[in-house]
Amino acid sequence: MLPSRRSESHSPASRCKSAGHPLTTNGFHSIPSSASSSTHSMNRQGSVDNLIFKLLTRQKYVAKCLGFVPARSSVAIQTTPVVERDIVGCLNEASKPRISNITFSTVTSATGLPTVPAEPNKARSSSYWKTEATPSNNNEHETPADLLRKISVSRKESGTHVDTVVTTIDGQRYDTKELDNDPDFSETAEWAFPIFQISRKYPKTILSRLTYNIFQQAELFRIFKVSPIKFFNFFHALEKGYWEIPYHNRIHAADVLHGCYYLSVHPVRPQFGVVKSPDSLLPAPLPLAASIMSQMSTLELMALFTAAAMHDYDHPGRTNAFLVTVEDKKAILYNDRSVLENHHAAESWKLLNRPENHFIENLDPAEMKRFRYLVLEYILATDLKQHFEIIMTFNDRLADMDLQVESDRLLVGKLLIKMADINSPTKPYGLHRQWTDRICEEFYEQGDDERKRGLAITPYMDRGDAQVAKLQDSFIAHVVSPLAQAMHESGLLPILPGLETSELMINMQHNHRKWKEEIEVETANYEPTTCNGGGVNGVIEEESASTSDSPDPRRDSPSLDSELSQVGAD
Ligand code: AMP
Ligand code: ZN
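Residues numbered from 1 in each chain as written. Chains lettered and ligands numbered in written order. Predicted model: local features only at pLDDT ≥ 70, side-chain atom pairs only at ≥ 80, totals over all residues. Heavy atoms only, no water.

S.K.: Help me get a handle on the overall build of the chain, residues and values and all.
M.R.: In terms of regular secondary structure, the chain is built from 22 helices and 7 strands. When contacts within the chain are restricted to residue pairs at least 6 apart in sequence, those whose partners lie at least 24 apart make up 76%. (Helix = DSSP H or I, 4+ residues; strand = E, 2+ residues; numbered from the N terminus. Contact = heavy atoms within 4.5 Å.)

This is the structure in structure tokens:
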């Protein structure tokens, strides 16, 4: 049974206290001038104005960015980073090398998978939309069901423009012309992308719509001859498999996809690979600016975006530790290791493998194997149990890091999806607050379940003893900050024109400060009667033991978003 729904803008979880500052009109928080009654308040106000001015300037830049990835312009591979070159020119450059110019070695699987040949040099059609979307029966591999579905693609041609409507196997209609021009997705290159606003408009299809938008931006339909019907069949089935729960729902999946897109599309200046002669008296040369997207292969990009969309598929709203404790059948199946992540990957891959969903059908066998390898690596990397190991591997590798080496690109891809997965503290306060309320509510539902089962309630999951600020302080200090810092210091976080540092770092420091202030106020006001102890809520630690069958919050939890069922053009 599906859970009842509750409003997406549900009230903050009990005792989740707002420490909010209003958003500015451009969606960015204002830095609190009262953060401390500093004697430097005039200077502070000056720097606030300065920051807002810079952010506004940045908006113009983003428009420019969107212009350079216009409708379906190329975000093609560029192996030689460009020094201080206008990014517009940088990405539009007709002569830049594509996949075939990148040299690949082979993939050696850390998980024991066989060595997989890397992407072959394969010329790809640039006219897919003109030729392949037409219903045809000359493909001998097509089943009758494929043909029937193709017939549900109606096409009108007016001049050179192709107007395509796709209806999925379960009757969901997508008008790709509308999607291509949807103003709701005009801000995908913005870190403050208004995801909740858009999910109110498209409560059932936000993930498929955003994925379409991003695949289009990166030209993946054309490059990999992706069938639009199979694409929408898959991504719509995928989004339907996300539960209507407060946090691990399709909005989170879309948010992580968006994070991967933002982090890969903007130019960065990696600090690794900068060679300076030891004898030189000159300062080390400024690292070159290029987007990660321009340095990854298109297959790696498609794998990263697909993995982001898949990464929490069929999440039951309970932690790995809980599933292990109750000996859930998923924990048994995966031997208590990365239980959820294995489940998300395996089940969403099964979904992708259905003939009607198999949008990667036109990859050749070597590409297919590598795509699967990459998707699995990216999804499994989202287990926070591997968090510090991945950061340490990255830090250890930094001195020799080289984005021409595919294992280094894989590592960077893992950092990107991980950062996107825990991005909320790095967002403007309004967005961070909503995500915090949601994760807290999901934790409390687990706490309720634990109470019902007679289990010890996991720290921070007791709704009767909410400690939101402490949880956030701990999560930011111990989990988000080390990753953000590692990426920032190595130059992997975009610093947009007009800003002196990454907006992720600005937001995270601001949000962290607010939670700390809240803790100070709480501590000054009352003595807590209960203390739940340290750790970050059992998110990272695994626990063991005890009874029972599969938890199903859909059966017994209050749940999400009456709004989700009411609104929208879905
Ligand atoms: P995932 O389950 O793939 O989304 O992994 C990220 C994990 O980070 C979540 O399951 C949460 O346990 C944890 N997390 C994310 N955001 C927060 C937050 N704001 N506060 C505490 N824990 C969080
Ligand atoms: Zn996630």
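S.K.: Got a sec to walk through the site of ligand 1? Specific residues and values, please.
M.R.: Taken together, 14 residues lie near ligand 1, and His248, His252, Asp312, Asp421 and Gln472 sit nearest. Between ligand 1 and His252, the relevant distance is 3.1 Å, taken from an oxygen atom to a side-chain nitrogen or oxygen of the residue. Within the contact set of ligand 1, an oxygen atom lies 3.2 Å away from a side-chain nitrogen or oxygen of Asp312. Burial of ligand 1 by the protein chains amounts to 94% of its free accessible area of 480 Å². Residues of the shell around ligand 1, tallied by class, amount to 7 nonpolar, 5 polar and 2 charged. (Near = heavy atom within 4 Å. Polar contact = N/O pair within 3.5 Å; in protein donor to acceptor, adjacent residues only side chain to side chain. Areas by Shrake-Rupley, 256 points an atom, 1.4 Å probe, with all protein chains shown as cover. Nonpolar A, V, L, I, M, F, W, Y, C, P; charged D, E, K, R; others polar.)

S.K.: Tell me about the UniProt feature "binding site: Zn(2+) 1" (unreviewed entry) in the chain, residues and numbers included.
M.R.: Residues annotated by UniProt as "binding site: Zn(2+) 1" (unreviewed entry) correspond here to His252, His311, Asp312 and Asp421. These annotated residues cover 170 residues of sequence, but their C-alpha atoms sit close together, with the largest distance between any two at 9.8 Å. With respect to the secondary-structure elements, His311 resides in the loop between helix H11 (298-310) and helix H12 (320-325). Its relative accessible area of 0% is what places His311 among the buried residues. When sequence neighbours within four positions are dropped, the list of residues in contact with His311 reads Tyr242, His252, Ala253, Val256, His344, Ile379, Thr382 and Asp421. Not counting chain neighbours up to four residues away, the residues in contact with Asp312 comprise Tyr242, His248, His252, His344 and Asp421. There is a polar contact of 2.8 Å between the side chain of Asp312 and the side chain of His311. (UniProt positions renumbered as here; feature names shortened; annotations may be inferred. Buried < 20%, exposed > 50% of the residue type's maximum accessible area, 1.4 Å probe, protein only.)

S.K.: If you had to explain the coordination of the zinc ion (ligand 2) to someone new, which residues and values would you point to?
M.R.: Surrounding the zinc ion (ligand 2) are the protein donor atoms His252 (NE2), His311 (NE2), Asp312 (OD) and Asp421 (OD), which sit 2.1 to 2.2 Å from the metal. Geometry at the zinc ion (ligand 2) is irregular, judged from the 6 donor atoms that bind it and their angles of 60 to 172° at the metal. All donors of the zinc ion (ligand 2) come from a single chain, and their spacing in sequence reads H-x58-H-D-x108-D. Taken as a pair, His252 in helix H10 (residues 250-265) and Asp421 in helix H17 (residues 406-421) lie far apart in primary sequence, 169 residues in all. Just as His252 is buried, Asp421 falls in that class too. (Donors = N, O, S within 2.8 Å, 3.2 Å for Na, K, Ca; no water. Tetrahedral: all angles 85-135°; square planar, octahedral: opposite > 155°, others 65-115°.)

S.K.: Give a description of the packing of H17 against helix H19 (residues 468-489) that names residues and reports values.
M.R.: Between H17 and H19, whose axes approach to 10 Å, the crossing angle comes to 135°. In this view, H17 runs oblique relative to H19, as classed from their interaxial angle. As H17 runs across H19, the sense of the crossing is left-handed. For the pair H17 and H19, the contacting residues are Leu415, Leu416, Lys418 and Met419 in the first and Val480, Leu483, Ala484 and Met487 in the second. Partitioning the contact of H17 with H19 into residue classes produces 7 nonpolar, no polar and 1 charged. (Axes fitted to C-alpha atoms, helices over the stretch in contact; angles between N-to-C directions. Parallel < 35°, antiparallel > 145°, perpendicular 65-115°, else oblique. Left-handed = near helix turned anticlockwise from the far one by under 90°.)

S.K.: Give me the lowdown on helix H18 (residues 429-452), citing residues and values where you can.
M.R.: Each α-helix winds once per 3.6 residues, and so residues spaced three or four apart point in a common direction. When the terminal C-alpha atoms of H18 are compared, their 34 Å separation across 24 residues agrees well with the 34 Å that a helix rising 1.5 Å per residue should span. Counting buried positions along H18 gives 19 out of 24 residues, so the element sits mostly inside the fold. Gly454, located one to two residues past H18, shows a positive phi value of around 75°. (Expected span 1.5 Å × (residues − 1).)

S.K.: Residue-level account of the packing of aromatic side chains, with values.
M.R.: Inspection of every chain in the model, using the stated rule, returns 24 aromatic pairs. Taking 5.3 Å as the distance between ring centres and 45° as the angle between the ring planes, the aromatic pair formed by Phe235 and Phe359 counts as tilted. Here Phe359 lies in the loop between helix H14 (339-353) and helix H15 (365-380) and Phe235 lies in helix H9 (residues 228-240), a separation of 124 residues in the sequence. For the pair Phe235 and Phe359, a shared accessibility class is recorded, and that class is buried. One aromatic cluster is present, built from ring pairs that chain together Tyr174, Tyr212, Phe215, Phe221, Phe231, Phe232, Phe234, Phe235 and Phe359. Above the face of the Tyr202 ring, Arg209 is positioned so that its terminal group lies 3.9 Å from the ring centre. (Phe/Tyr/Trp six-rings, centres within 6.5 Å; stacked < 30°, edge-to-face > 60°. Lys NZ or Arg CZ within 6 Å of the ring centre and 35° of its normal.)

S.K.: Tell me about unusual backbone geometry, and please be specific about residues and values.
M.R.: Phi at Lys225 takes a positive value of approximately 50°, unusual for a residue other than glycine. You can see Lys225 is positioned in the loop between helix H8 (220-223) and H9. Phi is positive for Asp314, close to 60°, though the residue is something other than glycine. Within the element layout of this structure, Asp314 appears in the loop between H11 and H12.

S.K.: Describe the UniProt feature "binding site: Zn(2+) 2" (unreviewed entry) in the chain, and please don't skip the residues or the numbers.
M.R.: In the numbering used here, UniProt assigns the "binding site: Zn(2+) 2" (unreviewed entry) feature to Asp312. Secondary-structure assignment places Asp312 in the loop between H11 and H12. Relative accessible area serves as the criterion here: at 6%, Asp312 is assigned to the buried category.

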